[in-house]
Amino acid sequence: MRKLKFQILIPLLLFSLVGCAEQKLLEKVGLAILLGYDLGNEGDLSTTAVIRQVNPDFESNIEIISAENQTSKGTRTEINRKSSKKIVAGQLRVALYGDELAKKDGIGNTMQAISRDSDISGSVYMAVVEGEAKTLLNYKYENISDIGQHIFKLLQQNIEDEQIVSSTLHEVSHDYYSIGEDIAMPIISREEELISISGVALFKKGKMVGELPAEDSFYIKLSRHRYDSGTFEALIKKGDLEKALMKNPPEEISLVLDTIKSKSDLKLINQSTPEFDLNITMEARLLELNEEIDLGDPEKVAILDKAISESLSSEISRVITYCQEVNSDVFGLGSQYRSSVRNSNLTEEKWHEMYQKAKVNVKVDIKITRSGTAD
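As a starting point, this report considers the structure included with it. Keep in mind the model is a prediction, meaning the values are calculated, not measured.

## Notes on the packing of helix H10 (residues 333–340) against helix H11 (residues 348–355)
The contact between H10 and H11 brings their axes to 10 Å, and the two run at 110°. The pairing of H10 with H11 is recorded here as roughly perpendicular in orientation. Along this stretch, H10 crosses H11, giving a crossing that reads as right-handed. Between H10, through Leu333, Gly334 and Tyr337, and H11, the contact on the second element is made entirely by Trp351, Met354 and Tyr355. When grouped by side-chain class, the residues that make up the contact of H10 with H11 number five nonpolar, one polar and no charged.

Here it is in structure tokens:
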């Protein structure tokens, strides 16, 4: 009996000691949960940290501190000098970049500094801010008490629901260091009290060179990876419809697809041009349609499948053309080229010269598996 009591008492004592140690540790440090980077004065880097401070009663408050220095490590040292507690980055969730910094100096130096920090997870979300990150973070939001957590949740739920491209530190670092692949990441912006994802930033290596509207993220994701969920709204133009589908088709038909499952296959078919075939197969449920079409008729469903396929093929080709114009290979064509051509000795500079002249033949084959509602 005495031995049993001893066995129970020891774990309890250890647990209480660990609990006390954790409480004292949290009282002494400030947890940086978000870092925002901007261009500072005279070429310096400006860093804004959203810091969670925990008091002895385990109640937390948010503090926002900014500092400028020539390096990201230097700015973090300056921020520490302005804080009553030591700032630690082990709970970092988001890194934001003002668009001027992303376009002029790029994200390379700060991204490398973050990735070298062993305390920081590779799952940190990265995004570009329309305007200055500092301005976005310091705005006094009436309904947002924790701006760092709010932006983290905003990015997390849209990325997990496949509404926007995923841009974790691990993924961004992979594309940055890979020859033949470029970075794409969300753009967030503020409209009065509302923070939203407003677009997709396109990079050539570490510098932002273009942007697309947020809805075009669907075409990038569809082309680069398997698509396993999500919802998407599409427009079919009158020219894509056959008379057999509707007697007097309108200029456009709006439809919503969900439960999307897709597979993309990219092949190099001519290395001298270079020329690629991009074949995408999709299955999706037609959730909503704003015109009356008899979806119980297999022939009409087949016509609708064809119209959607042609519309998606055209939209993906449009996005690829724009990406070539700004010279951002977010589709990874160069990576496919390297894996297909032996001893290509491909360099970043050589590929970006070839990329703008590349030809991509896009073919989408969609099958509607179930139908939802018609308005």
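Next, the rest of the story.
## Section: the packing of aromatic side chains
Going through the model one piece at a time under the given rule, you end up with nine aromatic pairs. Aromatic pair Trp351 and Tyr355: ring centres 6.0 Å apart, planes at 45°, arrangement tilted. With Trp351 and Tyr355 both in helix H11, this residue pair falls four residues apart, about one helical turn. Under the relative-accessibility criterion, Tyr355 is labelled buried at 0%. Members of the aromatic cluster, each reached through a chain of ring pairs, are Phe218, Tyr219 and Phe232.

## A look at the pattern of salt bridges
Under the criterion given, the structure shown has 10 salt bridges. Linking Asp117 and Arg76 is a salt bridge whose minimum nitrogen-to-oxygen distance equals 3.2 Å. One end of the pair, Asp117, is in the loop between helix H4 (108–116) and strand E6 (125–129); the other, Arg76, is in helix H2 (residues 72–81), with 41 residues separating them in the sequence. Its relative accessible area of 12% is what places Asp117 among the buried residues. Measuring nitrogen to oxygen at the nearest pair gives 2.9 Å for the salt bridge that ties Asp216 to Arg318. Of the two residues, Asp216 sits in the loop between strand E9 (207–213) and helix H8 (217–224) while Arg318 sits in helix H9 (residues 298–326), which places them 102 residues apart along the sequence. Each of Asp216, Glu315 and Arg318 takes part in salt bridges that share partners, so that together they form one network.

Parameters at a glance
- Each chain has its residues counted from 1, running along the sequence as written.
- pLDDT decides what is reported in this predicted model: residues at 70 or higher carry local features, side-chain atom pairs at 80 or more are listed and counted, and totals for whole chains, interfaces and linings draw on all residues regardless.
- Where side-chain values are given, they derive from all heavy atoms of the structure, hydrogens and water being excluded.
- Every axis corresponds to a line fitted to the C-alpha atoms, with the helix fit spanning only the stretch in contact, and the corresponding angles, defined between N-to-C directions, vary from 0 to 180 degrees.
- Each helix is a run of DSSP H or I of at least 4 residues and each strand a run of E of at least 2, with the numbering of both proceeding from the N terminus.
- If an angle is under 35 degrees, it is roughly parallel; if it is over 145, roughly antiparallel; if it lies from 65 to 115, roughly perpendicular; otherwise it is oblique.
- Crossing handedness is defined as follows: a turn of the near helix away from the far one that is anticlockwise and smaller than a right angle gives a left-handed crossing, while the clockwise case is right-handed.
- By definition in these notes, contact holds between two residues if any of their heavy atoms fall within 4.5 Å.
- Ten residue types, Ala, Val, Leu, Ile, Met, Phe, Trp, Tyr, Cys and Pro, are classed as nonpolar, four, Asp, Glu, Lys and Arg, as charged, and the remainder, Gly among them, as polar.
- Paired rings are identified among Phe, Tyr and Trp, the last through its six-membered ring, by centres lying within 6.5 Å, and are further divided according to the angle between planes into stacked (under 30 degrees), edge-to-face (over 60) and tilted (the rest).
- Accessibility here uses a 1.4 Å probe with only protein chains present; expressed as a share of the type maximum, an area under 20% marks a residue as buried, one over 50% as exposed, and anything in between as partly exposed.
- By salt bridge we mean one thing: a side-chain nitrogen of Lys or Arg within 4 Å of a carboxyl oxygen of Asp or Glu.

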